[in-house]
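One letter stands for each residue in the lines below.
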Amino acid sequence: MSQIASRTVIRDLYNVRLRPADDAPSPLTDEEEQRFRAVLFSELGNTIADRGWARFPAYTPEDRRRLVEVAHRLTEHWGRRVIVEAEDHCRLLLRLAGAEVEAEAVPDALPRHL
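1. So, the overall build of the protein chain
Right, so step 1: Within the protein chain one finds three helices and three strands.
Right, so step 2: Counted from the first residue to the last, the protein chain has its helices and strands arranged as α-α-β-α-β-β.
Right, so step 3: A total of 114 residues make up the protein chain; the buried ones form 28% of that total.
Right, so step 4: Element-wise, carbon and sulfur atoms account for 52% of the exposed surface of the protein chain, whose accessible area totals about 8,400 Å².

Below, the structure written as structure tokens:
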């Protein structure tokens, strides 16, 4: 019985990967990183253009850096300042300067399938 249990544990651990340290480079390749930022730019940009703001999860420092970079790109693209604010330790708010944010709880900016 113990041999079966030990094989199961070993088999279950084959797909386990260590998480990078906070200062470690992104696990994405350069091309993947560019595509992901392009999607964020497009989807968050559309959401911000529609309602003036968007909330998005940011669990790691790398996530936060991406969102800040996207906000800078949107500012340059539109010629209007996009402000980034931390709402809590795992979510950022991107909004146009002067835009009012609804107080009610809203879903994340991107659809779940992305």
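2. A short note on helix H3 (residues 61-78)
Right, so step 1: Given a rise of 1.5 Å per residue, 18 residues ought to cover 26 Å, and the 26 Å separating the end C-alpha atoms of H3 matches this to within 8%.
Right, so step 2: Turning to H3, its buried residues are Glu 62, Asp 63, Arg 66, Leu 67, Val 70, Ala 71 and Leu 74.
Right, so step 3: On its buried side, H3 packs onto helix H2 (30-51), strand E1 (53-57), strand E2 (82-88) and strand E3 (91-96).
Right, so step 4: Looking one or two residues beyond H3, the residue adopting positive phi is Gly 79, at roughly 75°.

3. Overview of the packing of aromatic side chains
Right, so step 1: Inspection of every chain in the model, using the stated rule, returns zero aromatic pairs.
Right, so step 2: The residue whose ring lies beneath Arg 51 is Trp 53, and the NZ or CZ to ring-centre distance is 4.2 Å.
Right, so step 3: Over the face of the ring belonging to Phe 41 we find Arg 73, whose NZ or CZ atom lies 4.3 Å from the ring centre.

4. Examining the side chain of Arg 95
Right, so step 1: Counting through the fold element by element, Arg 95 comes out in strand E3.
Right, so step 2: In this structure the side chain of Arg 95 is engaged in a polar contact, spanning 2.8 Å, whose partner is the side chain of Glu 85.
Right, so step 3: Those residues in contact with Arg 95 that lie beyond four places of it in its chain are Gly 52, Trp 53, Arg 81, Val 82, Ile 83, Glu 85 and Val 101.

5. Thoughts on the pairing of E1
Right, so step 1: Burial within E1 is extensive, with five of its five residues counted as buried.
Right, so step 2: Both faces of E1 are covered, namely the face carrying Trp 53, Arg 55 and Pro 57 and the face carrying Ala 54 and Phe 56.
Right, so step 3: By the bridge criterion, five bridges tie E1 to E3 in an arrangement that is antiparallel. Opposite Phe 56, over in E3, you have Leu 92 as the bridge partner.

6. Quick word on the sheet that holds E2
Right, so step 1: In space, the three strands of this open sheet follow the order E1-E3-E2, with antiparallel pairing throughout. Lying at the two open borders of the sheet, with one neighbouring strand each, are E1 and E2. Averaged over all adjacent pairs, the angle separating strand axes in this sheet is 25°, with direction ignored.
Right, so step 2: Against the sheet, H2 makes contact with E1, E2 and E3, and its axis sits at roughly 140° relative to E1, the strand it touches most.

7. Here's the deal with H2
Right, so step 1: For H2, spanning 22 residues, the distance from its first C-alpha to its last is 31 Å, which sits close to the expected 32 Å at 1.5 Å a residue.
Right, so step 2: In this structure, the buried residues of H2 make contact with E1, H3, E2 and E3.
Right, so step 3: Positive phi shows up at Gly 52, right after H2, with a value of about 90°.

8. Details of the pairing of E2
Right, so step 1: Where E2 meets E3, six bridges bridge the pair, whose relative direction is antiparallel. For Val 82, the partnering residue across the bridge sits in E3 and is Leu 96.
Right, so step 2: Here E2 folds back onto E3 in antiparallel fashion, the turn holding two residues.

Definitions and cut-offs
Residues numbered from 1 in each chain as written. Predicted model: local features only at pLDDT ≥ 70, side-chain atom pairs only at ≥ 80, totals over all residues. Heavy atoms only, no water. Helix = DSSP H or I, 4+ residues; strand = E, 2+ residues; numbered from the N terminus. Buried < 20%, exposed > 50% of the residue type's maximum accessible area, 1.4 Å probe, protein only. Areas by Shrake-Rupley, 256 points an atom, 1.4 Å probe, with all protein chains shown as cover. Expected span 1.5 Å × (residues − 1). Contact = heavy atoms within 4.5 Å. Phe/Tyr/Trp six-rings, centres within 6.5 Å; stacked < 30°, edge-to-face > 60°. Lys NZ or Arg CZ within 6 Å of the ring centre and 35° of its normal. Polar contact = N/O pair within 3.5 Å; in protein donor to acceptor, adjacent residues only side chain to side chain. Pairing = 2+ DSSP bridges. Axes fitted to C-alpha atoms, helices over the stretch in contact; angles between N-to-C directions.

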